[in-house]
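The primary structure of each chain is shown beneath.
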Amino acid sequence: MRNTKITVTVVSFIGVCMLLLTFGNVRFFLWLHHEDTRSTQAESSLRTRSTTQQEEDRFEFMKRLRTVGEMKQLVRLPCNFIHDGLYLGEGNEVLNQIYESLQQLDDDVVPVLIEAGAHDGITKSISLKSSACLFTNTLLIEASPENYKVLSKSRKYDRTVHAALCNQDFVMIEENALNSGESHIGTRGVKVPCTSLDTELDKLQSELPESQRDKLRLVFLILDVEKHEVDALKGLERHPPVKAMIETIHLPPDDTDWIAQWATRHGL
């Protein structure tokens, strides 16, 4: 009987010890898990801050006008940048043409790419890949208020201008609810201010130090402004482009001839 009591007592004592150890292990595991979670959260927070800072730094850098030499240091080709757009072939061609021009220009030149009729900056953009892959100084001009709302956010690292290319104070823009790419100048709609390509390039030039202002070059012009290409080109005389892609498919013969003469006059 005494042996039985002793056995029970020993077993009970061992059981209590095991419970204490188990409880201690659970607490130890929970504490380790808690510390690990805190560590993971801290690392995640640091990564988030780091990523945010990188984005801010890139934003500030992209907003500054860069020289050919600076762009060459940043370019990484082949560029695997892919976006869901309608003009991927044209975008690749523009990238190739700009890259070719960069190899021929002096390193102190400040090259600029303009896309007039920039739409929303993504789905119908021809300049997007050149901006992302070549770090090209990019100016985007869009007259449609609805398109510009999206453009100003989707391409906030580039320069954007909400205006029409015309030689008066303002025009009326009629939005096309069925096809946002066909919003156009009309007799009603939303009042939008006018500007010219020369005016916008003059503004960019004024951002540069005086000793560098003569280095600004319009390296490529993309122009698709819904049958108002002639009006747009009449405002581009001081800063002729090195290369250009101009929409002429739906223009009358007289306008096509005028554009051909303008191109010849500027050596295109």
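For the structure itself, consult the block above.
Residues numbered from 1 in each chain as written. Predicted model: local features only at pLDDT ≥ 70, side-chain atom pairs only at ≥ 80, totals over all residues. Heavy atoms only, no water.

Draft legend 1. The packing of aromatic side chains, seen in detail. One pass over the full model with this rule turns up zero aromatic pairs. The ring of Phe170 carries the charged tip of Lys191 above its face, separated from the ring centre by 4.4 Å. (Phe/Tyr/Trp six-rings, centres within 6.5 Å; stacked < 30°, edge-to-face > 60°. Lys NZ or Arg CZ within 6 Å of the ring centre and 35° of its normal.)

Draft legend 2. Structural context of the nonpolar core. With 27 residues, the main nonpolar core has Ile114, Ile141, Leu201, Leu221 and Leu223 as its most contacted residues. Contributing elements (two or more residues each) for this core: strand 1 (110–116), strand 2 (137–142), helix 6 (197–207), strand 8 (216–223), helix 7 (229–233) and helix 8 (253–265). Counting residues in hydrophobic clusters, the runner-up holds 16 residues, among them Met71, Leu102, Leu105 and Ile126. (Core = buried A, V, L, I, M, F, W, Y, C linked by side-chain atoms within 4.5 Å. Buried < 20%, exposed > 50% of the residue type's maximum accessible area, 1.4 Å probe, protein only. Helix = DSSP H or I, 4+ residues; strand = E, 2+ residues; numbered from the N terminus.)

Draft legend 3. Spotlight on the state of the cysteines. A complete count under the given rule lists two disulfides for this structure. Each sulfur of the disulfide joining Cys79 and Cys133 lies 1.9 Å from the other. A torsion of -60° about the S-S bond marks the disulfide between Cys79 and Cys133 as left-handed. One end of the pair, Cys79, is in the loop between helix 2 (68–74) and helix 3 (88–104); the other, Cys133, is in helix 4 (residues 128–134), with 54 residues separating them in the sequence. Each sulfur in the disulfide pair Cys166 and Cys194 lies 1.9 Å from the other. Around the S-S axis, the bridge from Cys166 to Cys194 shows a dihedral of about -100° and counts as left-handed. With a gap of 28 residues between them, Cys166 in the loop between strand 4 (164–165) and strand 5 (170–174) and Cys194 in strand 7 (residues 190–195) connect regions that are remote in the sequence. You'll find Cys166 and Cys194 in the same group, each marked buried. Along the chain, the cysteines that take part in disulfide bonds pair up as 1-2, 3-4, counted in sequence order. (Disulfide = S-S within 2.5 Å.)

Draft legend 4. Highlighting the pattern of salt bridges. Tallying each qualifying case throughout the model produces ten salt bridges. For Asp202, the salt bridge goes to Arg238, with nearest N and O atoms at 2.4 Å. Of this pair, Asp202 sits in helix 6 while Arg238 is found in the loop between helix 7 and strand 9 (243–246), placing the two residues 36 residues apart along the sequence. (Salt bridge = Lys/Arg side-chain N within 4 Å of Asp/Glu carboxyl O.)

Draft legend 5. Representation of the side chain of His266. Summarising the element assignment, His266 is placed in the segment after helix 8. Once you skip the residues sitting within four places of it in the chain, His266 turns out to touch Leu236, Glu237 and Pro240. (Contact = heavy atoms within 4.5 Å.)

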